[in-house]
Each structure stands twice: as C-alpha cells, then as structure tokens.
Amino acid sequence: MLEFMQQIVNGLSLGAIYALIALGYTMVYGIIKLINFAHGDIMMVGAFVGFFSVTMLGVNIFVALLAAMAFCALLGVAIEKVAYKPLRQSTRIAALITAIGVSLFLEYVMVYFFTPNQRVFPAETFSLHNYHIAGLVISNKDMFVFGSAIILMIILQYIIKRTRTGKAMRAVSIDQEAAVLMGISVDKTISITFAIGSALAAAAGVLIGIYYNTINPLMGIIPGLKAFVAAVLGGIGIIPGAMVGGFVMGMLETMVSGYGSSLYRDAVAFGVLILILLIKPSGLFGKNTGEKV
Amino acid sequence: MSLMEIKNLHKSFGGLTAVLNFNFDIEKEELVGLIGPNGAGKTTVFNLITGVYKPDEGRIFFNGQDIAGLPPYTICKKGIARTFQNIRLFNDLTVLDNVKIALHKDVPYSLMGAICRTPRFFRGEKKIEDKALEYLKIFNLDNKKDEIASNLPYGEQRRLEIARALATSPSLLILDEPAAGMNPQETHDLMNLIASIRERFKLSILLIEHDMSLVMGVCERIYVLDYGQIIAEGLPEKIRNDKKVIEAYLGEEV
Amino acid sequence: MQTIIKNWNWRKFVFEVLVLTGIFMLIQYGISNGLLNSYHQINLSSMCINIMLAVSLSLINGFTGQLSLGHAGFMAVGAYTSVVMTNMLGQPFILGILMACLMAGLAGFIIGVPTLRLKGDYLAIATLGFGEIIRVVLQNIDYVGGPAGILGITQLTTWPWLFAATVLTVVVIVNLINSSYGRAIISVREDEIASELMGINTTYYKVLAFVIGAMFAGLAGAMYAHYFYIIKPGTFNFMKSFDILVMVVLGGLGSTTGAVIAAIFITLLTAALQKWAAIRMILYAFILIVIMIYRPQGLMGNKELTTKTFGRVWGDKK
Ligand SMILES: Nc1ncnc2c1ncn2[C@@H]1O[C@H](COP(=O)(O)OP(=O)(O)O)[C@@H](O)[C@H]1O
Ligand SMILES: [Mg+2]
C-alpha cells in the first residue's frame, strides 16, 4: 500500500507536467480545431531557453522559468501568424501537415544550432533534498515541479473564468461567427490562446529539464504525444479535462514503469488512447454529439 | 396490406421529445403528405424510417417486415429511398457519377472482375451508364451529365437528388421539402413531375412540405405533425378545415 | 475525375503497355551496363517503394477520405513477415511477399474494424497510436531482434520485382477506383450519410479500402526489407507515416497520378538534400510549410494527369 502511495506521489509531478502541455493542446484545438503537432517542440524550446538562462545568464530557476515562458509565448504567436493563419480556411489535413512541418522545423533548427546531444540540466539549480513524510519519500524537486505546475494552472483558471480575455477565448471556441458579432477580435483571441498555451508548454519544458535532468532537441516528441493523449483522454477542447487527463497519464506511466515493463511504457499511452477513442471518443468529460441530418 | 405501417414510434434527444406516439400507414402507389410547422419533427420521422436515427420505441413494418433500427443501407436495399432537406449530393463528382453511385447496390460485376477488367466489367459499366442516363433524362439533366454536381443551379441540384434516390429503384420514395427554395413556377413543375414519377414507376411517395397549400394539390392523404405528435390525418379538404391544424399553423407566420 | 469506361480501349492499353515496357527495358539496360550506379539504383528503389506507399495510402486518405496516420505500421508488418519467411524460415521470396501482403492486410482489418468508426482527427490519432503500438510490439519481440531489428537480409529485391510490384500496386488501385466499387468508396469521402442512404455499406467499403491499402503497404515493406539489408522497428515510426502522408497530400488528395508524382518528387528532393545533410530536415520542413500555405490542395487537386491532359495542353498552345 505504501509503495502504491509512493508511486502516486512519483506520478504527481510527471502528471502535472503532462497536464501543462495538454492544456496548450486543448486550448489550441478548442479554438481553431488544429492538432498542433509542434506543441511538444515549443516545450523543447522552452527547456532550452530555461537551460541557457541558468547556465549562461546565471539567473535563478524562477527567472529562467519566466524567461522561457515569455520567449515561447512570442514564438507561439509568431508560428500561428506565419504558418497557421494562412491555412485557416483550407482543409484540416493541410493545416495538420503544416503543423508537422513546423514541428520538424523547430526540431532540426535546434539540432543544427545545438547538436542532437543530450545536455545535463545544471544540478546546482537544485540541490536535491528528500523529505520523509508519513513513510513517503518526497524530494524538493518533485515539490517544485508539482507546485509550479499547480500555481500555473490556478492562474490559467483565473484568466479563463474571470477575465475578459478568458471570456473571449471561450466565446470564440464555441461559435466564431457569433463572437465576431459580439465585437470580439478573433485574430487577437487566437494569438492570446497561442501565447498562453505556448507559455505553459515552456514552463513544462523547464520542469521536464529539472525532472529528467537532461534535455535535447528531440525531447518534445514523446512527451508531446503523451500530453496529446492526455488531452484526448480528458476530452479535447475541455480545459479541466486536460488537467485530469495529464495527471492520469502521469500516474499510469509511473505505475507501469514501477510495476511492469518499462519497455511497454510508451505503448501504454497509446493503448489508453485507443481504448478511450473506442469507448468514448469525446473523452472523459466530453459530450457525445451526433450529426444532425 | 399497406406498404409501410408505423406503430407507436418514439424518439427523444436528451430532454427534447422530437417524435411521440407516431402512427402512420401508406398504401402501395399512394402519395401521402406529412406537414407541420418548423421543428414539428417531420425530418426526424424520416430519419427514423431510413435508419439514420434509431427509434427509442416503436415498430416500422415495411412489406410486413420490421425494419426499425436496421442500418440505413439495408433499409435502402429493402426499397426505401430519400432526399434531404439540406441537399446532400456528392459535391465533387459529376452529375452522372452521382446517379451511378445509387446504382451500385445492384452492381453487375465482382470486385475481382473490376480489378482484372473482365469483359463482364465492361458490359456492366455500359449497363450502369445507360441506366444512369435514363434517370437523368427523366429529370432533364442528361445534357448536364459531365458537370460537377455542386456547380448546378439550386433547382437542378434538387432534381438530381430525386433522380439519384430513384436510381436505387425504391418502392417507397420519401422527399424532404423537395420544393424548398424554389420559385412558384419551379415548384409547380416539380409537383407535376413527382406525380408523373409515381405513375411511371408505380411508387409510393411520402412528401414533407412546409407549405400547406402546395401539398394540398398533389397529396391524396395528409398527416399533420405538431410538437412530435399527429394532430390530424385525412383527406386534404378535411385537413384544410381542421381546427387544430389551423391553430398549429397560426402559431407561426405562414 | 472518373473516366468513363464503356469499352476496352485497345489503343490506350497497347500504348500503356509499350510505355511501361519501354521504361522497364531502359532501366534494365542501364543497370546491366553499369550506366546506373548503385547511388542511382538506391534512389530508384526508394522511388518505387515510395510510389507504392503513397498510392496505397492515397486509396485510404485521398479516395475514401479516412485520415490514417499509421501506414508505416503496415509497412513494418509486411517487412518483418517477409523477412521471417525468407531469411528465417528459408521460404522463397514470392511466398514471403504473399505472406507480407496477407499479414499486413490482416493487421489492416484488425485495426480498421474498430477504428474506422471514428472520424477525422480522432481516426488520425487512433491510427497513429496503432502504428506506434505495432512498432513497440516489434521492439519487444526477441525473435525478430528487438530494438536492433534484423541485419544481413539477403538482397532479393531486384529491378524486375520492384517494377512488377509498383505497376501491380498502381494498376490494382486505379482499376478499383475506376469502377462501381471505386465510386462507392469515393461516395464515402463525399458524404458518408448520403452514401449509406443510397444503399452503400460504408463501413464495409472503409474497411475494404483500408485492408487493400494496408496490403500494398505490406508489399512495399517486403520490397524495402529485401533491398536495404536491414530492418529495425525505429524505421517504421510515425515520422515514416507522416512522410507517406506528405506525399499523398502534396500530390493532391484523390489523385493517383498526383501521389505518384509527389512520391517521385519527394524521393528526388530527399536525395538532393542529402548533400546538405546538416540542414536537410530544416529545408524539408520549410518546403513543406511553404507548399501547404501556397497550394494546400496539393499539386493536382483531385484531378488526374492523363494523356488527354497532355493533348489539351498541346492543343491549347497551337
Ligand atoms: N440530432 C438531433 N439532436 C438533437 N435534437 C434534434 C436532432 N434532430 C432533430 N432535433 C430536434 O428535434 C426537433 C424536430 O426537428 P425536425 O425533425 O428537424 O423538425 P422539422 O423537420 O419538422 O422541421 C427540433 O426541435 C430539433 O431541434
Ligand atoms: Mg425538417
């Protein structure tokens, strides 16, 4: 039982990271119905910005986190403006291919400039310390990862529920034409969505750097896919769904690694994906909507 | 025995009851109208008959066989064909291909025959083409056979949809607001066409029309639906003077 | 876009056979005389394999309208099955090829039946997931070498095999598309509900297209494995599926000739970019984005390139 509890604790921080990435997927999908395949790579860029902030500028981890978020918010907006906006009226598949193109572009630009090699996230940002609470081992690293993610999610909830921007985002995702009639600028709202989603991904990138200790230009692919699964699990386009989905995926992954074969760790994510799609494609929190004839 | 008999049909969407205790029958070669104000549940009845939606309750006997809940393609093969309120053609394909697709259910050659291009395949394709052209001719569309369906003017799209439905050789043809969006002259011609199709193919036709006066002229019997329930049924004259019907229609602007 | 087939067109058939024989003989001559060196031959093989992959995926994505992102998985099934048959069980190549098609088709059936109920993006992700699961499962089977894969496969894929397999793929799929069965398949893409109501069992045709597409991906896999000596699970990851999808979309959804042209173009582009290995992927990504922005419907849209098209172009110029 204690071991099981320990696995849950271990899964919490990974789950929080997945949740942060999943939020960006879900927000973007909710607003322009695009699976932004480049999202995992934005996370990777965030990790690198965080890394260089700490190693080259020597700032502390909080500042690095903010720097990564700011940089990626701009990057996300730029990507949307340059690559996705011209395709808003064309087929979904063309937009999907463009997203894949952007993803490859980010990955290989980073490979070109920074080599495909692993970089070790500087340990001195975090002198590891384990706390023992009620028989469970909890490290300060886990606490930091989990805590930052939770704080960011609370801020996001606040923005979405309480601010005009948040209301505009919800309005555009429900009915774009009606939103325009209400005087909401769709372009601006989409930009803000990309900015927020990308900033969250950047934060996740820095946190993943801390969590796994290493970063590399292709690090975004697998967590990106898993976070995407998390978003689908919770019901794509639904914000609380992405959070719950992220945590479920994180826990599940640590459970599978802890109890079963870590070789199948990645297959589990896809197994979950397929199960959910076959049983309830709209996700845990989604409503089934049939086509009206 | 009537061609189709519907007993006690129910359908609700979440909290909204769209069709309630619906009873209906149609004889062979009869032309029946189903009218009612917007949102009364007419299209839903069509969707239930053709298998697009599964009924919550009730039975639909077609040639004595219960077809309720069968998949749409099976229902089509049993002899029910339809058109749609919002035209649903195969938009990127030619007019001819639209009709050919409806002829696929009796395709005269096998898949292997098609891949190997057997003589049977060529004979079959010729037969399909001739038949498709025959249907197009009835609707005066044969000279537009190579046009892309979505490029046709609205009235011709409506006619093509009927031609396509007819090509599945149904014994019951159901038309969902076939005259919607047409001008009075086009509507008049269409109604004559519908009546003549029935004679020629010995069909039963069930027709939804929003506009009451139009249905009165062509239908032999009329059902009136309001809030998912039948409020009147009978000959056009009877319907015209029915108090409940007048009330239902007064509720909205005609 | 459908050609009207009333009768066997002898002139067209003879013309096509002559052109194909010509291409075959020319390249055969080039190979046996050393005019085409091994670099040319490798690119030629990649080209044929890419054509097979693109045309088979275009049946699923372009004509049936079902967005599949797991095509590399079927290629993997074909590659591994054929190698198990030839290298490990000592069976002749042709038997390996047949089993490859059969097993890939079976995988297509097993995956297609549950997933093809899904639509659009959901189907795309589910097929992506299944493709990845095939890869992970292969990674965990020691009999086929686990993550390292199988090395030292006998090179059995010769030019005649490659040519025959490519022509077979294209001919079967084109003949299928230009028939009543093909029209049924296309109607699913156009409007699934209307199609179903015209008496077409849409589930059946979706699965049919998926299985046939998977079989030819399996054939391509068998050709690949017996040309390049090595197979490993990593080769068949979702990036490979993306590559195939890119060819199909680039060619134009619903155009077989488009898929063929795009497969040739991408192969040549990849080969040309080889020189700039460091920025190859950057350029590839960049070109992809630019093409999608400026020509999202692909090179051909849903049109086909036919001898008639040439006739029209020449006719116009006169
Ligand atoms: N798929 C559906 N989901 C939810 N409600 C539906 C659906 N189809 C029809 N309805 C509802 O059922 C009622 C009847 O609709 P409909 O049959 O289209 O009416 P009519 O054709 O008589 O105008 C309407 O209130 C409509 O909104
Ligand atoms: Mg209606």
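Residues numbered from 1 in each chain as written. Chains lettered and ligands numbered in written order. Predicted model: local features only at pLDDT ≥ 70, side-chain atom pairs only at ≥ 80, totals over all residues. Heavy atoms only, no water.

- If you look chain C up in an unreviewed UniProt entry, it shows as ABC transporter, permease from Syntrophomonas zehnderi OL-4.
- You can read under Subcellular location (unreviewed entry) in the UniProt record for chain C the words "Cell membrane". (UniProt positions renumbered as here; feature names shortened; annotations may be inferred.)

- The name given to chain B in an unreviewed UniProt entry is ABC transporter-like, with Syntrophomonas zehnderi OL-4 as the source organism.

1. Side note on the overall build of chain B
Turning to step 1, where the next piece is worked out: Helix and strand counts for chain B come out as ten helices and ten strands.
Turning to step 2, where the next piece is worked out: Here the C-alpha radius of gyration of chain B, 19 Å, is about what a compact globule of 254 residues would show, namely 18 Å.
Turning to step 3, where the next piece is worked out: Projecting the C-alpha coordinates of chain B onto the three principal axes gives extents of approximately 65 × 40 × 35 Å.
Turning to step 4, where the next piece is worked out: Per-residue burial over chain B gives 56% buried out of 254 residues.
Turning to step 5, where the next piece is worked out: Restricting the contact set of chain B to residue pairs at least 6 apart, pairs at least 24 apart contribute 66%.
Turning to step 6, where the next piece is worked out: Just so you have it, chain B exposes about 10,800 Å², and 49% of that area is on carbon and sulfur atoms.
Turning to step 7, where the next piece is worked out: Looking at charge distribution, chain B has the averaged site of its 32 positive side-chain charges lying 8 Å from that of its 35 negative ones. (Helix = DSSP H or I, 4+ residues; strand = E, 2+ residues; numbered from the N terminus. Rg over C-alpha atoms; globule rule 2.2 N^0.38 Å. Buried < 20%, exposed > 50% of the residue type's maximum accessible area, 1.4 Å probe, protein only. Contact = heavy atoms within 4.5 Å. Areas by Shrake-Rupley, 256 points an atom, 1.4 Å probe, with all protein chains shown as cover. Lys, Arg positive; Asp, Glu negative; His and termini not counted. Charge placed at Lys NZ, Arg CZ, Asp CG, Glu CD.)

2. Things to note about the site of ligand 1
Turning to step 1, where the next piece is worked out: Residues in close proximity to ligand 1 total 13 residues, the closest being Gly39, Gly41, Lys42, Thr43 and Thr44 of chain B.
Turning to step 2, where the next piece is worked out: Taken together, the residues near ligand 1 originate from chains A and B.
Turning to step 3, where the next piece is worked out: Here Thr43 of chain B contributes a side-chain N or O atom positioned 2.6 Å from an oxygen atom of ligand 1.
Turning to step 4, where the next piece is worked out: One of the side-chain nitrogen or oxygen atoms of Tyr53 of chain B is found 2.9 Å away from a nitrogen atom of ligand 1.
Turning to step 5, where the next piece is worked out: Protein burial of ligand 1: of its 560 Å² of free accessible surface, 75% is covered by the chains.
Turning to step 6, where the next piece is worked out: Mapped by element, the contributors of at least two residues to the shell around ligand 1 are strand S2 (16-26) and helix H1 (42-49) of chain B.
Turning to step 7, where the next piece is worked out: Among the residues making up the shell around ligand 1, the classes are represented as six nonpolar, five polar and two charged. (Near = heavy atom within 4 Å. Polar contact = N/O pair within 3.5 Å; in protein donor to acceptor, adjacent residues only side chain to side chain. Nonpolar A, V, L, I, M, F, W, Y, C, P; charged D, E, K, R; others polar.)

3. Considering the domain arrangement of chain C
Residues and elements named next belong to chain C.
Turning to step 1, where the next piece is worked out: Each domain of chain C was delimited in the assignment, giving domain 1 (66-236) and domain 2 (241-310).
Turning to step 2, where the next piece is worked out: A separation of 21 Å is found between the C-alpha centroids of domain 1 and domain 2.
Turning to step 3, where the next piece is worked out: Contact with domain 1, which involves nine residues of that partner, is made by seven residues of domain 2.
Turning to step 4, where the next piece is worked out: For the pair domain 1 and domain 2, the summed buried area comes to about 650 Å², and 74% of that belongs to carbon and sulfur atoms.
Turning to step 5, where the next piece is worked out: Joining domain 1 to domain 2, the criterion identifies zero salt bridges.
Turning to step 6, where the next piece is worked out: Here domain 1 is connected to domain 2 by three residue pairs in polar contact (both at pLDDT 80 or more).
Turning to step 7, where the next piece is worked out: For the side of domain 1 that touches domain 2, the class distribution of residues is five nonpolar, three polar and one charged. (Domains from an automatic or database assignment. Buried area = accessible area lost by both parts, 1.4 Å probe. Salt bridge = Lys/Arg side-chain N within 4 Å of Asp/Glu carboxyl O.)

4. Section: the pattern of salt bridges
One side chain can pair with another of opposite charge once the charged atoms of both are near each other.
Turning to step 1, where the next piece is worked out: If you walk through the whole model with that rule in mind, you get 26 salt bridges over all chains.
Turning to step 2, where the next piece is worked out: Between Arg198 of chain B and Glu199 of chain B there is a salt bridge, with the nearest N and O atoms lying 3.8 Å from each other.
Turning to step 3, where the next piece is worked out: Judged by its relative accessible area of 11%, Arg198 of chain B falls in the buried class.
Turning to step 4, where the next piece is worked out: Connected through shared salt-bridge partners, Glu80, Lys85, Arg88 and Asp187 of chain A make up one network.

5. Re the coordination of the magnesium ion (ligand 2)
Residues and elements named next belong to chain B.
Turning to step 1, where the next piece is worked out: Each protein donor to the magnesium ion (ligand 2) is listed here as Thr43 (OG1) and Gln85 (OE1); together their distances run 2.0 to 2.1 Å. In this pair, Thr43 sits in helix H1 while Gln85 sits in the loop between strand S6 (80-82) and helix H3 (95-102), placing the two residues 42 residues apart along the sequence.
Turning to step 2, where the next piece is worked out: According to the relative accessible area criterion, Thr43 is buried, its value standing at 16%. (Donors = N, O, S within 2.8 Å, 3.2 Å for Na, K, Ca; no water.)

6. Details of H3 of chain B
Turning to step 1, where the next piece is worked out: Burial analysis of H3 of chain B places eight of its eight residues in the buried class, the great majority of the element.
Turning to step 2, where the next piece is worked out: Along H3 of chain B, the residues classified as buried are Val95, Leu96, Asp97, Asn98, Val99, Lys100, Ile101 and Ala102 of chain B.
Turning to step 3, where the next piece is worked out: Next to the buried residues of H3 of chain B lie helix H5 (119-138) and helix H6 (154-167) of chain B together with helix H7 (180-190) of chain C.

7. Considerations on the nonpolar core
Turning to step 1, where the next piece is worked out: Within the largest apolar cluster, 265 residues are counted, with the highest numbers of intra-cluster contacts made by Phe37 of chain A together with Ile231 of chain C.
Turning to step 2, where the next piece is worked out: Residue contributions to this core reach at least three from each of two domains, namely domain 1 (66-236) and domain 2 (241-310) of chain C.
Turning to step 3, where the next piece is worked out: Leu9, Leu48, Phe62 and Tyr223 of chain B belong to the second largest nonpolar core, which has 28 residues in total. (Core = buried A, V, L, I, M, F, W, Y, C linked by side-chain atoms within 4.5 Å.)

8. A short note on the packing of helix H5 (residues 140-162) of chain A against helix H6 (residues 164-174) of chain A
All names here are of chain A.
Turning to step 1, where the next piece is worked out: Following both chains from N to C, one finds H5 and H6 inclined at 75°, their axes separated by 5 Å at the closest point. As judged from the angle between their axes, H5 and H6 are roughly perpendicular. Of the residues in H6, those in contact with Ile159, Ile160, Lys161 and Arg162 of H5 are Arg164, Gly166, Lys167, Met169 and Arg170. (Axes fitted to C-alpha atoms, helices over the stretch in contact; angles between N-to-C directions. Parallel < 35°, antiparallel > 145°, perpendicular 65-115°, else oblique.)

9. Considering the interface of chain A and chain C
Turning to step 1, where the next piece is worked out: Between chain A and chain C, the residue contacts involve 41 residues of the former and 37 residues of the latter.
Turning to step 2, where the next piece is worked out: Taken over both partners, the interface formed by chain A and chain C buries close to 3,500 Å², and the fraction arising from carbon and sulfur atoms is 85%.
Turning to step 3, where the next piece is worked out: Looking at the side of chain A facing chain C, the largest losses of area belong to Ile93, Ile97 and Leu278 of chain A, adding up to 17% of the total buried there.
Turning to step 4, where the next piece is worked out: For Asp121 of chain C, the salt bridge goes to Arg92 of chain A, with nearest N and O atoms at 2.6 Å.
Turning to step 5, where the next piece is worked out: At the boundary of chain A and chain C, one finds three residue pairs in polar contact (both at pLDDT 80 or more).

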